[in-house]
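Letter by letter, the chains look like this.
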Amino acid sequence: NCNGEPNSNYCDCNYNFNDECGVCGGDGSSCADSVELNFGNIDGDNGTAEIIMQNDISIAGFQFVISNTPDYLDLVNVNGGSSNNYNFTISSSENGSIVGFSLIGSSIPAGNSSLLTATFDTNLSDPLTVDLCLNDPVFSDDDADGVLVNLGPCIEMNFSNNLYGDINDDDIVN
């Protein structure tokens, strides 16, 4: 019993620590200046996944990964949303890594909107069901300070492969 005097680095007698928000025994979700990242519209026919960002602080840069399980899809394009509206340079790789920042010093203001849309493709011909998940977020504010990011749940995509340029779905580029 600690008689109301927590021992060591604990914030209470139940052996809890302060989270990054300063809340004893907290989970970090009560901090101001945070981002919540979720999936929006998922379109398996076109292979697209919208990423929604709810942020209560301006965002000057971001990095995260969209993973797919099983690993059947390649990320082939990212565009649109508030990252496009605020002139961010977006870079991505087939493995799902996405990086965004502004070369002119702009930032995405606080709000709730589509951050971008990711487009996937595969060289497999049969329709697929994959789980898309958001991972490894790193977001920064206008002062280049890290921002707490809460990730939404994984989501299922029923992907049907469309060959680019195949206008009549005969598996031949027309």
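Above: the structure in question.
Residues numbered from 1 in each chain as written. Predicted model: local features only at pLDDT ≥ 70, side-chain atom pairs only at ≥ 80, totals over all residues. Heavy atoms only, no water.

1. Some details on the side chain of Asn 68
- Within the fold, Asn 68 resides in strand 3 (residues 61-69).
- For Asn 68, a relative accessible area of 9% translates into the label buried.
- Within the structure, the side chain of Asn 68 is placed 3.1 Å from the backbone nitrogen of Leu 73, a separation counted as a polar contact.
- Look past the residues within four positions of Asn 68 in its chain and what remains in contact with it is Leu 73, Val 130, Asp 131 and Leu 132. (Helix = DSSP H or I, 4+ residues; strand = E, 2+ residues; numbered from the N terminus. Buried < 20%, exposed > 50% of the residue type's maximum accessible area, 1.4 Å probe, protein only. Polar contact = N/O pair within 3.5 Å; in protein donor to acceptor, adjacent residues only side chain to side chain. Contact = heavy atoms within 4.5 Å.)

2. A look at the nonpolar core
- Counting 30 residues, the largest nonpolar core has Phe 64, Ile 66, Phe 120 and Phe 139 as the members making the most contacts within it.
- Only strand 1 (34-43), strand 2 (48-55), strand 3, strand 4 (74-79), strand 7 (111-121), strand 8 (128-140), strand 9 (146-151) and strand 10 (155-159) provide two or more residues apiece to this core.
- Non-local contacts of Phe 139, meaning those with residues more than four positions away in its chain, are made with Val 35, Leu 37, Met 53, Ile 59, Gly 61, Phe 62, Gln 63, Phe 64, Asp 145, Gly 146, Val 147 and Val 149. (Core = buried A, V, L, I, M, F, W, Y, C linked by side-chain atoms within 4.5 Å.)

3. Brief notes about the state of the cysteines
- Counted according to the given criterion, the structure contains two disulfides.
- In this model, Cys 11 is linked to Cys 24 through a disulfide, with the two sulfur atoms separated by 1.9 Å. Where Cys 11 bonds to Cys 24 through sulfur, the torsion about that S-S bond is close to 85°, and the disulfide is right-handed. Pair noted here: Cys 11 is in the segment before strand 1 and Cys 24 is in the segment before strand 1, with a separation of 13 residues, a long-range link.
- The class for Cys 24 is partly exposed, based on a relative accessible area of 33%.
- Across the disulfide from Cys 133 sits Cys 154; the S-S distance is 1.9 Å. When the S-S torsion is 115°, as for the bridge of Cys 133 with Cys 154, the disulfide is right-handed. With Cys 133 in strand 8 and Cys 154 in the loop between strand 9 and strand 10, this residue pair connects regions lying 21 residues apart in the sequence.
- On the basis of relative accessible area, Cys 133 is assigned to the buried category, the value being 13%. (Disulfide = S-S within 2.5 Å.)

4. Observations regarding a nonpolar patch on the surface
- A cluster of nonpolar side chains, namely Phe 101, Leu 103 and Ile 104, defines an oily patch on the protein surface of about 340 Å² accessible area.
- Its place among the elements puts Phe 101 in strand 6 (residues 97-101). (Patch = residues over 30% accessible without salt bridge, like charges linked within 9 Å, V, L, I, M, F, W, Y side chains within 5 Å. Areas by Shrake-Rupley, 256 points an atom, 1.4 Å probe, with all protein chains shown as cover. Salt bridge = Lys/Arg side-chain N within 4 Å of Asp/Glu carboxyl O.)

5. Details of the environment of Asp 74
- Residue placement: Asp 74 occurs in strand 4.
- Here the alpha-carbon distance between Asp 74 and Ser 93, two residues 19 residues apart in the chain, equals 8.2 Å.
- Among residues more than four places away in sequence, those in contact with Asp 74 are Glu 94, Thr 119, Phe 120 and Asp 121.

6. Overview of the environment of Gly 44
- Checked against the element boundaries, Gly 44 lands in the loop between strand 1 and strand 2.
- In sequence terms Gly 44 and Asn 158 are 114 residues apart; their C-alpha atoms lie 5.1 Å from each other.
- Every residue in contact with Gly 44, bar those within four places of it in the chain, is listed here: Met 157, Asn 158, Phe 159 and Ser 160.

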